[in-house]
Amino acid sequence: MKKIALLVVCLSMFGLANAQISKGEHFLGGTVNISDNDGSGAFVLLPEYRYAIGDRDLLGLSIGYISRSVPDVSYAVFHPNYTRIFPIEGSFFWLLNGYLDLSFGDQERVAPGISPGLGYRVHRSTVVILRSGGISYDFKADYFDLGLNTSNLGMSVYFRIGGQ
């Protein structure tokens, strides 16, 4: 019983040690998705780089390509963002992501927005983030979106690259 208690304490301390994101860390992640739902397919390639400008602040940039069959569109995406982290306990944290969604091609879009998420630092080199819908406004389409549907739920994995 003492060994199990010691193991739990050690694992808890390991989690606490990995919870923080430190200034100067670099992360690489993004989205790759191929889907086909009743003839409505999509291909998404959206790599993302993030840099920790502080212990709770990250700047990021995604540049990628999206193609959808219904409607038949393809476009390039440029997506700068800023993320603020709010530690919960151990390796868990809430986050609030502010972004500017710029799309060029068949679907042009200029849409600033914010979206919440829940993160977990699995290891010193790996962070998993669960995202939900957010709030955005598309200036090109004059459209306000609350993003409150299940298609806006997602998970991302980021890997720490290089040294600090």
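Residues numbered from 1 in each chain as written. Predicted model: local features only at pLDDT ≥ 70, side-chain atom pairs only at ≥ 80, totals over all residues. Heavy atoms only, no water.

Observations regarding the nonpolar core
We apply this condition: What makes a nonpolar core is a set of buried Ala, Val, Leu, Ile, Met, Phe, Trp, Tyr and Cys residues whose side-chain atoms join them at distances within 4.5 Å. To sort residues, take the accessible area from a 1.4 Å probe on protein chains only and compare it with the maximum for the residue type: under 20% means buried, over 50% means exposed, and anything in between is partly exposed. Only DSSP runs of H or I covering at least 4 residues are called helices, and only runs of E covering at least 2 are called strands; the numbering of each starts at the N terminus.
Counting residues in hydrophobic clusters, the biggest one holds ten residues: Ile 21, Phe 27, Ala 52, Leu 58, Ile 85, Phe 93, Leu 95, Val 127, Ile 129 and Tyr 158. Listed by contribution, the elements that provide at least two residues to this core are β5 (92-105) and β7 (126-131). Counting six residues, the second-largest nonpolar core is a separate cluster that includes Val 44, Val 73, Tyr 75 and Val 77.

A look at a nonpolar patch on the surface
Where we set the bar: A patch is a set of surface residues, each over 30% in relative accessible area and not in a salt bridge, joined within 9 Å for like charges and within 5 Å for the nonpolar side chains Val, Leu, Ile, Met, Phe, Trp and Tyr. Each accessible area value is a Shrake-Rupley result obtained with a 1.4 Å probe; residue values ignore everything except the protein chains displayed when judging cover. Think of a salt bridge as a Lys or Arg side-chain nitrogen and an Asp or Glu carboxyl oxygen that are within 4 Å of each other.
There is a patch of nonpolar side chains on the surface, built from Phe 86, Ile 88, Phe 92, Trp 94, Leu 96, Ile 114, Tyr 120, Val 122, Ile 135, Phe 144 and Leu 146 and spanning about 990 Å² of accessible area. Elements with a contribution of two residues or more to the nonpolar patch: β5 and β6 (109-123). As for its position among the elements, Ile 135 is in strand β8 (residues 135-138). Using a relative accessible area of 38% as the deciding quantity, one classes Ile 135 as partly exposed.

Topic: the environment of Tyr 49
Let me state the cut-off plainly: Working rule for contacts: check all heavy atoms of both residues, and any pair within 4.5 Å makes them a contact. Each polar contact in these results corresponds to two N or O atoms within 3.5 Å; when the atoms are within protein, one needs to be able to donate a hydrogen and the other to accept it, and residues that are neighboring in sequence are counted only if both atoms are side-chain atoms.
Along the polypeptide, Tyr 49 turns up in strand β2 (residues 40-52). C-alpha separation for the pair Tyr 49 and Phe 159, spaced 110 residues apart in sequence, amounts to 9.7 Å. Once residues lying within four places of it in the same chain are set aside, the contact partners of Tyr 49 are His 26, Phe 27, Leu 28, Leu 59, Gly 60, Leu 61 and Ile 161. Within polar-contact distance, the side chain of Tyr 49 engages the side chain of His 26 at 2.4 Å.

Description of the pattern of salt bridges
Per the counting criterion, the structure on display carries seven salt bridges. A salt bridge links Arg 160 to Glu 25; the nearest nitrogen and oxygen atoms lie 2.7 Å apart. Here Arg 160, found in strand β10 (residues 154-161), pairs with Glu 25, found in the loop between α1 (2-19) and β1 (26-37); they are 135 residues apart in sequence, far enough to count as distant. Of the two residues, Arg 160 and Glu 25, neither departs from the other in class, the shared state being buried. With a shortest N-O distance of 3.0 Å, Asp 101 and Arg 109 are connected by a salt bridge. Across this residue pair, the class does not change: Asp 101 and Arg 109 are buried. Through salt bridges with shared partners, a single ionic network connects Glu 25, Arg 121 and Arg 160.

Thoughts on the packing of aromatic side chains
Worth spelling out the cut-off: Note on aromatic contacts: the rings of Phe and Tyr and the six-membered ring of Trp form a pair at centre separations within 6.5 Å, being stacked when their planes are under 30 degrees apart, edge-to-face when over 60 apart, and tilted otherwise.
According to the stated counting rule, one finds three aromatic pairs in the structure shown. When the centroid spacing of 4.9 Å and the interplanar angle of 80 degrees are considered together, the rings of Tyr 137 and Phe 139 count as edge-to-face. Judged by its relative accessible area of 25%, Tyr 137 falls in the partly exposed class.

With respect to the pairing of β10
Quick reminder of the rule: Pairing between strands is defined by DSSP: at least two bridges between them are needed.
Where β1 meets β10, three bridges bridge the pair, whose relative direction is antiparallel. Paired with Phe 27 across the two strands is Arg 160, which belongs to β10. One ladder, built from six bridges, connects β7 with β10; its direction is antiparallel. In the strand pairing of β10, Thr 126 is matched with Phe 159.

So, to be careful, I would describe these as geometric facts and stop short of saying anything about function.
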